[in-house]
Amino acid sequence: MVNQYIKAYKHYRTPVLAVLATVMLVCSAVWSFDVPWREIAEYFLLCVLGVGFLALLAAALVFTIHKIRG
């Protein structure tokens, strides 16, 4: 039981720490430099839309390559 917990902890440690570090960075920007939460949310939405657009372009490219190769 303990070995499974340690294995799961090691597997998820890096992504969890990355998310926590990002949250701390955003909170410090808001609290230390008085950046409004609305601006942070707008930038986040812009990033999500940008990544989604790139994913759609990549999917279209993969689809096209598969169609060309037969």
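Residues numbered from 1 in each chain as written. Predicted model: local features only at pLDDT ≥ 70, side-chain atom pairs only at ≥ 80, totals over all residues. Heavy atoms only, no water.

Student: Would you mind showing me how to read the overall build of the chain here?
Tutor: Of regular secondary structure, the chain possesses two helices and zero strands. The C-alpha atoms of the chain give 19 Å as radius of gyration, which overshoots the globular expectation for 70 residues (11 Å, by more than 25%). For the chain, the C-alpha atoms occupy an extent of roughly 55 × 45 × 10 Å along the three principal directions. The buried share of the chain, reckoned over its 70 residues, is 4%. (Helix = DSSP H or I, 4+ residues; strand = E, 2+ residues; numbered from the N terminus. Rg over C-alpha atoms; globule rule 2.2 N^0.38 Å. Buried < 20%, exposed > 50% of the residue type's maximum accessible area, 1.4 Å probe, protein only.)

Student: What is the right way to read the state of the cysteines from this model?
Tutor: Throughout this description, disulfide means a covalent bond between two cysteine sulfur atoms. Going through the model one piece at a time under the given rule, you end up with zero disulfides. A disulfide-free cysteine, C27 has its sulfur positioned 16 Å from the sulfur of C47, the nearest such atom. Among the residues examined, C27 registers a relative accessible area of 16% and is labelled buried. (Disulfide = S-S within 2.5 Å.)

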